[in-house]
Amino acid sequence: MKALRVFPFALASFLACAHRSQFPSLEALEKLAAKPPPAEVFKSKRVSVEKWELSGPLATHVALSPRSGSTPWEGLLAQLAQSRAGALTPSEDMHCVAREVGRFALEHGSQPSADLHNFIEGRCGASVVRVWTNWIHGEVPEDVSDEKVFERWKGDLEKQLREELVGNRAAGVWFGRKGGRAVVAFASGERKALIEPMELAAEGGAVTLRGELFIKAEKVRALANRGRYGFSECEVDSKVVLPRFSVRCQVAPEDEVAWVQVTAFPPGRILGELVAEVLALPGGSGPKEYLRVPYTAPLMAKDVGDFSPELLTLVNQVRAQAGLGQLRLSAKQSETAARLAPHYFSAVFGQAEEMVADTVVMGLRAGWNVGGPVLFGTFTSSWVMSGGDVSAVVGDMLAHPWGREALLDSKVTEVAFGPIVDSARGALGVVVSGYALMDERRHPERVKEVVDLINERRAEKGMAPALWVSAPGDSAERTVALMKDGEDPDGALTFLMRECGRVLNRRVSGWILTTHSLEELQIPEELLQRQQLGIIAVVGQHKERAEPWTNYVVLLVLTDVGPTQTASASAPRTCECQAEMKVSMAAPSP
């Protein structure tokens, strides 16, 4: 029985423009959704328990430590590793995972649930990702020696290992027997990065994870759990040049454990790939016992085919406890998600091409059927053997930071669920996308937020506030209308600068800034270093053709401030000078 993990798909913080869209079109999604769904999605069965004691020894560090075991099973793995030197490493962390999963299989005759499986990987200090486990088991009379069992089973084990252990991997194997039954369990994970040895104890409420990527990437991003509901963005050390990376993550000192996930983004892509997943121990010493964490009271699905109403209820309960606004269900987008969910899980479980899962993820994040200007979309997924208890789905998604970001981002207001039910196995699966829509604030409120942010950043550098100058006449309203009607930001800025040039008697220059969140607007360093600065600001929206997401577009026309003028951002000041001026536009901010 192979155990697979359903992984969240990380988000990039920006949407690149002026290129072929990375999002599948609505037509492409409809074509995929129209295909007959697989007859059986959840082929493996897992057992859920409220608690489970690990045997140990357990990890104190994350590190790829080679293991040279003494059992014939490990000898078989070592021989295979020798034939694939450099590509396959028998390791202590994977031996630990195999041991703990094998012990569970001896007791319950099945794989552990996904959340317990994750806990095992974390407490074993796994330095790899996409960990899978498999096992061979059977009834073995007590008078049959371990050597006899090895002779009978080694052919099956070698065959499975050769089939599964491809690529750059770490692996481990363990043999055990109990009460007339025997199990040989093996575990393996993909090496997407070389992780430097890291102590799991989080001294001072922070962990630093360093390594070197084995995949090509232009950026990394990391998140960490904080508290019962929170998550935080980790600080990426800009002085460390890829493929090497270093991230520092703040965790809550009162937490017993905290997941940290690192994702690498290939050049030009907004869909990242998980390269490291670490269970940090803020308290210094981690637990040996797994305990299920309930986020809500149990709630059984009423409809055997659709548990979306119960799921929305529970997610909104959690958001209320976390002090967040309630999510609204996007009915039309949920219809699309429900039709795509079987194809997504089929790809995740190896029954369809892996790119099918990517298509579903990007297609649902696009939010073509949400309605309204979508700033960005999130994605997460889950499958649990819960006997119909929807609270287990919520708990599984909130266990890791990427799932929390998808469900508990304060900017997300709409959500789409694509549920899938396997009543025979008691399995519930769901794909989830959340959507942040452009706010409905009036233009002056948005402009004031931008100017306040610029002056806050200038104050941090000891600079005087910028002078806020209002756009002449109705040019601001006309510029906003131009972008909303499809005019590209370059053309809108050119129009705005020409209008300013008709009334200002000073040289002006222009900047274009784009963002999905005005709170996270990146201010160019040049605007923070000028001693004196006058700003005409316009905040509009723009969506590239064939792209699903809308961006805030901040147009800044900069004017030279005279030495006798007082800089202030409390209210805009109008310049009433009539003169034709030469205009220039600075290079757009990245």
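The numbering scheme is per chain: residues are counted from 1 as the chain's sequence reads. Note on the predicted model: pLDDT of at least 70 is required for a residue's local features to be given, and 80 or more for side-chain atom pairs to be given and counted; whole-chain, interface and lining totals, by contrast, use all residues. Excluded from the side-chain calculations are hydrogens and water; all other atoms, namely the structure's heavy atoms, are used.

1. Considering the sheet that holds strand β12 (residues 219-226)
Note the threshold: Two strands form a pair only when DSSP identifies at least two bridges running between them. Numbering of helices and strands runs from the N terminus; a helix is a DSSP stretch of H or I covering at least four residues, while a strand is a stretch of E covering at least two. Comment: axis = line fitted to C-alpha atoms, over the contacting stretch for helices; angle = value between 0 and 180 degrees taken between N-to-C directions.
In spatial order, the strands read β13-β12-β16-β17; together these 4 strands make up an open sheet with antiparallel pairing. The sheet is open, and its two borders are formed by β13 (230-233) and β17 (273-280), each paired with just one other strand. Going from strand to strand, the sheet's axes swing by 20 degrees on average, the running direction of each strand aside. As paired strands, β12 and strand β16 (residues 258-265) are joined by 6 bridges and run antiparallel to one another. Bridge pairing links R221 to T263 in β16.

2. Observations regarding unusual backbone geometry
Here the amide bond leading from G56 into P57 is cis, since omega sits at 5 degrees, within 30 degrees of zero. By the element assignment, P57 lies in the loop between β2 (51-53) and β3 (61-62). Looking along the chain, the bond that leaves L242 and enters P243 is cis, with omega of 15 degrees. Looking at where P243 falls in the secondary structure, it is placed in the loop between β14 (235-236) and β15 (244-250). Its identity as a non-glycine residue notwithstanding, A546 has a phi of 75 degrees, on the positive side.

3. Points about the pattern of salt bridges
Going by this rule: Each salt bridge in this description consists of a side-chain nitrogen of Lys or Arg and a carboxyl oxygen of Asp or Glu lying within 4 Å of one another. A 1.4 Å probe rolled over the protein chains alone gives each residue an accessible area, and that area as a share of the maximum for its type sets the label: buried under 20%, exposed over 50%, partly exposed in between.
Inspection of the entire model under this criterion finds 34 salt bridges. One salt bridge in this structure joins E414 and R328, with 2.5 Å as the shortest N-O distance. Of this pair, E414 sits in strand β22 (residues 414-422) while R328 is found in strand β19 (residues 328-329), placing the two residues 86 residues apart along the sequence. You can call E414 buried: its relative accessible area is 10%. Note that R425 and D422 form a salt bridge whose closest N and O atoms lie 3.2 Å from each other. It is possible to trace a salt-bridge network through shared partners that takes in R130, E190, K192, E273 and E354.

4. Thoughts on the state of the cysteines
Short version of the rule: Two cysteine sulfur atoms make up a disulfide if the distance between them is within 2.5 Å.
Tallying each qualifying case throughout the model produces 2 disulfides. Each disulfide pairs two cysteine sulfurs, and for C96 the partner residue is C124, the sulfurs being separated by 1.9 Å. Disulfide C96-C124: the torsion about the S-S bond is -65 degrees, which places it as left-handed. Within this pair, whereas C96 is found in helix α3 (residues 92-108), its partner C124 is found in the loop between α4 (114-123) and β6 (129-139), the two being separated by 28 residues in sequence.

5. Description of the packing of aromatic side chains
Using the following cut-off: Any two of the Phe, Tyr and Trp rings considered here, Trp counted by its six-membered ring, make a pair once their centres fall within 6.5 Å; the pair's planes then place it as stacked at under 30 degrees, edge-to-face at over 60, or tilted in between. A ring is considered to have a charge above it if a Lys NZ or an Arg CZ atom is located within 6 Å of its centre and within 35 degrees of its normal.
This structure, assessed with the given rule, holds 11 aromatic pairs. An angle of 25 degrees between the planes, with centres 6.2 Å apart, marks the rings of F345 and F349 as stacked. Of the two residues examined, F345 and F349, each falls in the buried class. Ring-pair connections join several aromatic residues into one group, and the members of that group are Y344, F345, F349, F379 and W383. Seen from the ring of F265, K219 lies directly overhead, with NZ or CZ sitting 5.4 Å from the centre.

6. With respect to the side chain of S110
To be explicit about the condition: Contact between two residues is taken to exist if any of their heavy atoms lie within 4.5 Å; hydrogens are not considered.
Looking at where S110 falls in the secondary structure, it is placed in the loop between α3 and β5 (111-112). What S110 contacts, discounting residues up to four positions off in sequence, is K45, R46, V47, F104, A105 and W135.

7. Focus on the pairing of strand β27 (residues 551-559)
With 9 of its 9 residues buried, β27 lies for the most part within the structure. Residue alternation in β27 divides its side chains into two sets, N551, V553, L555, V557 and T559 and Y552, V554, L556 and L558, and both sets are buried. Note that strand β25 (residues 508-515) and β27 share 8 bridges and pair antiparallel. Bridge pairing in β27 links T514 to V553. Pairing geometry for strand β26 (residues 534-542) and β27, over 9 bridges, is antiparallel. By the bridge assignment, V538 is partnered in β27 with L555.

8. Some remarks on α3
Spacing of three or four residues puts side chains on the same side of an α-helix, whose turn is 3.6 residues. Our working rule: In a helix, the anticipated span is given by 1.5 Å times the number of residues less one.
The terminal C-alpha atoms of α3 lie 24 Å apart, and with 17 residues this matches the ideal 24 Å at 1.5 Å per residue to within 8%. The buried fraction of α3 is high, at 13 of 17 residues. G109 sits one or two positions beyond α3 and adopts a positive phi of about 70 degrees.

9. A few points about the environment of W511
Its place among the elements puts W511 in strand β25. Considered as a pair, W511 and L556 are 45 residues apart in the sequence and their alpha carbons are 5.1 Å apart.

10. With respect to the confidence of the model for the protein chain
Interpretation of this model should avoid reading the predicted coordinates in detail wherever pLDDT is low. The condition is simple: What pLDDT expresses is the predictor's confidence in each residue, scored from 0 to 100.
In the predicted model, the protein chain carries a mean pLDDT of 87, and the fraction of residues at 70 or more is 91%. A low-confidence stretch, residues 1-19 stays under pLDDT 50, and its non-local contacts, those more than four residues away or across chains, total 84 contacts. Here residues 562-590 is modelled with pLDDT under 50, and outside its nearest four sequence neighbours on either side it reaches 73 contacts, counting other chains as well.

11. What to know about helix α6 (residues 308-321)
With 14 residues, α6 should cover 20 Å at 1.5 Å per step; its first-to-last C-alpha distance of 20 Å lies within 8% of that length. Among all positions of α6, only S308, E310, L311, L312, L314, V315, N316, V318 and R319 are buried. With its phi angle positive at about 75 degrees, G323 sits one or two positions after the end of α6.

12. Describing the nonpolar core
Selection rule: By convention a nonpolar core is built from buried Ala, Val, Leu, Ile, Met, Phe, Trp, Tyr and Cys residues, the set being connected through side-chain atoms within 4.5 Å.
Membership of the largest hydrophobic core comes to 84 residues, with the highest contact counts inside it found for L311, Y344, F345 and L556. Beyond its immediate stretch of four places on either side in the chain, L311 contacts V390, V393, V394, M397, F417 and V430.

13. What to know about the sheet that holds β6
Reading across from one edge, β4-β7-β8-β6 is the order of the 4 strands in this open sheet, with mixed pairing throughout. Unpaired on one side and paired on the other, β4 (88-90) and β6 mark the two borders of the sheet. Strand after strand, the sheet turns through a mean of 20 degrees between neighbouring axes, direction not considered.

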